[in-house]
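Next come the chains, spelled out residue by residue.
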Amino acid sequence: MEKLTSTARKIDIVFKVADIMLKIGFVICLVCLGIIGVGLIFKLPTEMIGSVDGQLSVGSFTFHVAQEHVPALKDVLVLMIPCLILAGGVCVLAFVCVKTIRKILAPMKEGQPFHESISGNFRKLGWLSLGMGVLVQIMEIVVLYNMTVAQHITTLLISEKVTRVEINPSFDLTVLIIPVVFFLLSYVFRYGAQLQRLSDETL
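Scoring rules and cut-offs
- Residues numbered from 1 in each chain as written.
- Predicted model: local features only at pLDDT ≥ 70, side-chain atom pairs only at ≥ 80, totals over all residues.
- Heavy atoms only, no water.
- Helix = DSSP H or I, 4+ residues; strand = E, 2+ residues; numbered from the N terminus.
- Buried < 20%, exposed > 50% of the residue type's maximum accessible area, 1.4 Å probe, protein only.
- Salt bridge = Lys/Arg side-chain N within 4 Å of Asp/Glu carboxyl O.
- Patch = residues over 30% accessible without salt bridge, like charges linked within 9 Å, V, L, I, M, F, W, Y side chains within 5 Å.
- Areas by Shrake-Rupley, 256 points an atom, 1.4 Å probe, with all protein chains shown as cover.
- Phe/Tyr/Trp six-rings, centres within 6.5 Å; stacked < 30°, edge-to-face > 60°.

Relative to the elements of secondary structure, D172 occurs in the loop between α5 (153-157) and α6 (174-202). Taking relative accessible area as the criterion, D172 reaches 37% and is therefore assigned partly exposed. C-alpha of D172 to C-alpha of Q137: the two residues are 35 residues apart in sequence and 7.5 Å apart in space.

Okay, structure coming up:
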């Protein structure tokens, strides 16, 4: 039991750090949205907001685009807004996930691995991880759209040797596997809690 409580305390420290990092990530998203919003509303010079570096990254490849084909910063900023909103949403869900995991660890740190609250928190974690997975998938689709519209990836790559560029977004099924694991753990810990309650009543 001492090993369990010690391990739970160490894991809790890791998630405490993750808690802080997610808060920082959310604030960064808000700040970036604020800067873009102020820049677009008050029509500030683009130099005051940022710049486009003229590089296009596709997987491990980085293409350096000629200056005349670099997309306008305003177009890039407008298309970044949904990405930042989705990223902020992911940060919020991940933050709640971390809080829920710490609630699961709390009774374990006290030597109560089958506390009544653990099952419900695992079920909550399942729904949160499902929502976060769906948001991440949507964000990937938005990024692909941005590369197509703002960075003109299809027209940049088409030439005599490349006649057509196809973009095929895919759905990662692991976003369904992880929630299922959490739901199964919820049932396991609920059953463990029932056995623990019966044992306590017998004693």
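This next bit is on the pattern of salt bridges. Inspection of the entire model under this criterion finds four salt bridges. Put simply, D12 and K109 hold a salt bridge, and the shortest N to O gap is 3.2 Å. In this pair, D12 is assigned in helix α1 (residues 2-41) and K109 in helix α3 (residues 73-109), connecting sequence segments 97 residues apart. Residue K99 is joined to D19 by a salt bridge in which the shortest nitrogen-to-oxygen separation is 3.5 Å. Note that K99 is positioned in helix α3 and D19 in helix α1, a separation of 80 residues in sequence. For K99, a relative accessible area of 35% translates into the label partly exposed. Classification of D19 as buried rests on a relative accessible area of 3%.

Once that is clear, we can look at a nonpolar patch on the surface. On the surface, a nonpolar cluster with roughly 570 Å² of combined accessible area is contributed by I13, V17, I20, M21, I24 and I28. If you trace the backbone, I13 turns up in helix α1. Among the residues examined, I13 registers a relative accessible area of 54% and is labelled exposed.

Let's shift gears to the packing of aromatic side chains. Scanning the model with the defined rule gives three aromatic pairs in all. Each residue in the set F122, F182 and F189 is aromatic and connected to the rest through ring pairs, giving one cluster.

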